[in-house]
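# Inside the fold
Now for the letters of each chain:
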Amino acid sequence: EVSDARNNWSQVRSLLVRALPLGLSSAIGSIQTNLPRYAIAGLLGPAPLAVFAAISHIPLLGHLVVNAATQAALPLLADDARTRRSSYRARLYGLVAASVGFGSFALLLTIVVGRRVLGVIYGPEYEQHAGVLVWLMATAVVAFTSVFFGTGTTARGRFGAQLTVSTVSLAFVAASIWPLVRRFGLTG
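So, a few notes on the structure that sits alongside this text. Please read these numbers as outputs of a predicted model, since none were measured by experiment.

Moving on, we get to the overall build of the chain. If you tally the helices and strands in the chain, you get 6 helices and 0 strands. Viewed in the frame of its principal axes, the chain has a C-alpha envelope of about 65 × 35 × 30 Å. In the chain, which comprises 188 residues, the proportion classed as buried is 33%. Here the chain displays about 11,200 Å² of accessible surface, and carbon together with sulfur accounts for 67% of that area. Of the side-chain charges in the chain, 15 are positive and 6 negative, and the distance between the mean point of each set is 12 Å.

Below, the structure written as structure tokens:
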């Protein structure tokens, strides 16, 4: 019984150590997502922050679709990564291409009807911030793609690499967000 408990604890500890980079990567992603809000609050104040927060909920609809797709794709990618490398690559590239297509369509739609959508959802005073929505959708296209690449990395068990990419990405956003918001306001 004691031997089983030690063996179980050893397995749990091994799993925790293996998963730690993935957990840290998720935490870094959460911080990175919120950095623009901190910069806007600190540099522009609460009213622009409220506008940004409201507008930023629209691209979240696309994130819900992409995140659902990644959850469905992860077991298939993991199986492909273990057994059929060519299938893994084909599936991953197909998912990335689909996310670029989906995101590009959403961006084009935003350019065409984004101003009206903001007016309908939030009122006419938000229409003047249509450029913010366009930029948020443009960044969403990049985010959609990175989510699938991250899923591919997770499927291969490369958690340390994912942590490195997340850390570098956070450093880039942290270094650029304050000057961009200071210079370009909400669009920055």
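Next up on the list: the pattern of salt bridges. The tally for this structure, following the rule as stated, stands at 4 salt bridges. Between Asp 80 and Arg 84 there is a salt bridge, with the nearest N and O atoms lying 2.9 Å from each other. With its nearest N and O atoms 2.6 Å apart, the salt bridge here joins Asp 80 to Arg 91. Here the residue Asp 80 occupies a position in helix H3 (residues 60–83), and Arg 91 occupies one in helix H4 (residues 85–122), the gap between them amounting to 11 residues. Here Asp 80 falls in the buried class, since its relative accessible area comes to 1%. Under the relative-accessibility criterion, Arg 91 is labelled partly exposed at 32%.

Formed by 23 residues in total, the largest nonpolar core has its most connected members in Phe 52, Ile 55, Leu 118, Tyr 126, Val 132, Leu 133 and Leu 186. For this core, the elements supplying multiple residues, two or more each, are helix H1 (2–43), helix H2 (46–56), H4, helix H5 (130–155) and helix H6 (159–184).

What follows is about a nonpolar patch on the surface. Where nonpolar side chains cluster on the molecular surface, the patch consists of Trp 9, Val 12 and Leu 16 and spans about 320 Å² of accessible area. Turning to its location among the elements, Leu 16 is positioned in helix H1. What makes Leu 16 exposed here is its relative accessible area of 54%.

In this section: the side chain of Thr 70. Topologically, Thr 70 is positioned in helix H3. Once residues lying within four places of it in the same chain are set aside, the contact partners of Thr 70 are Val 147, Phe 148 and Thr 151.

Our next topic: a positive patch on the surface. Taken together, Arg 85, Arg 89, Arg 156 and Arg 158 make up a surface patch of like positive charges. Examined against the element boundaries, Arg 89 turns out to sit in helix H4. Of the residues examined, Arg 89 reaches a relative accessible area of 43% and is grouped as partly exposed.

Quick notes on the rules
- Throughout this document, residue positions are counted from 1 along each chain, in the order its sequence is written.
- With pLDDT at 70 or above as the cut-off, local features in this predicted model cover only qualifying residues; side-chain atom pairs require 80 or more to be listed or tallied, and sums for whole chains, interfaces and linings still use all residues.
- With hydrogens and water excluded, all non-hydrogen atoms of the structure serve as input to the side-chain values.
- Secondary structure elements are taken from DSSP: a helix is a run of H or I of four residues or more, a strand is a run of E of two residues or more, and numbering for both begins at the N terminus.
- Summary of the burial criterion: residues with accessible area below 20% of their type's maximum are buried, those above 50% are exposed, and those between are partly exposed, where the area comes from a 1.4 Å probe applied to protein chains only.
- In these tables, accessible area is a Shrake-Rupley quantity obtained with a 1.4 Å probe, and a residue counts as shielded only by the protein chains included in the view.
- In this tally, Asp and Glu contribute negative charge and Lys and Arg positive charge; neither His nor the terminal groups of the chain are included.
- Charged groups are reduced to one reference atom each: NZ for lysine, CZ for arginine, CG for aspartic acid, CD for glutamic acid.
- When a carboxyl oxygen of Asp or Glu is within 4 Å of a side-chain nitrogen of Lys or Arg, the pair counts as a salt bridge.
- Residues grouped as a nonpolar core are buried Ala, Val, Leu, Ile, Met, Phe, Trp, Tyr and Cys residues, joined through side-chain atoms within 4.5 Å.
- Patch rule: a residue counts if its relative accessible area is over 30% and it has no salt bridge; like charges are joined within 9 Å, and nonpolar side chains (Val, Leu, Ile, Met, Phe, Trp, Tyr) within 5 Å.
- We call two residues in contact whenever any of their non-hydrogen atoms come within 4.5 Å of each other.

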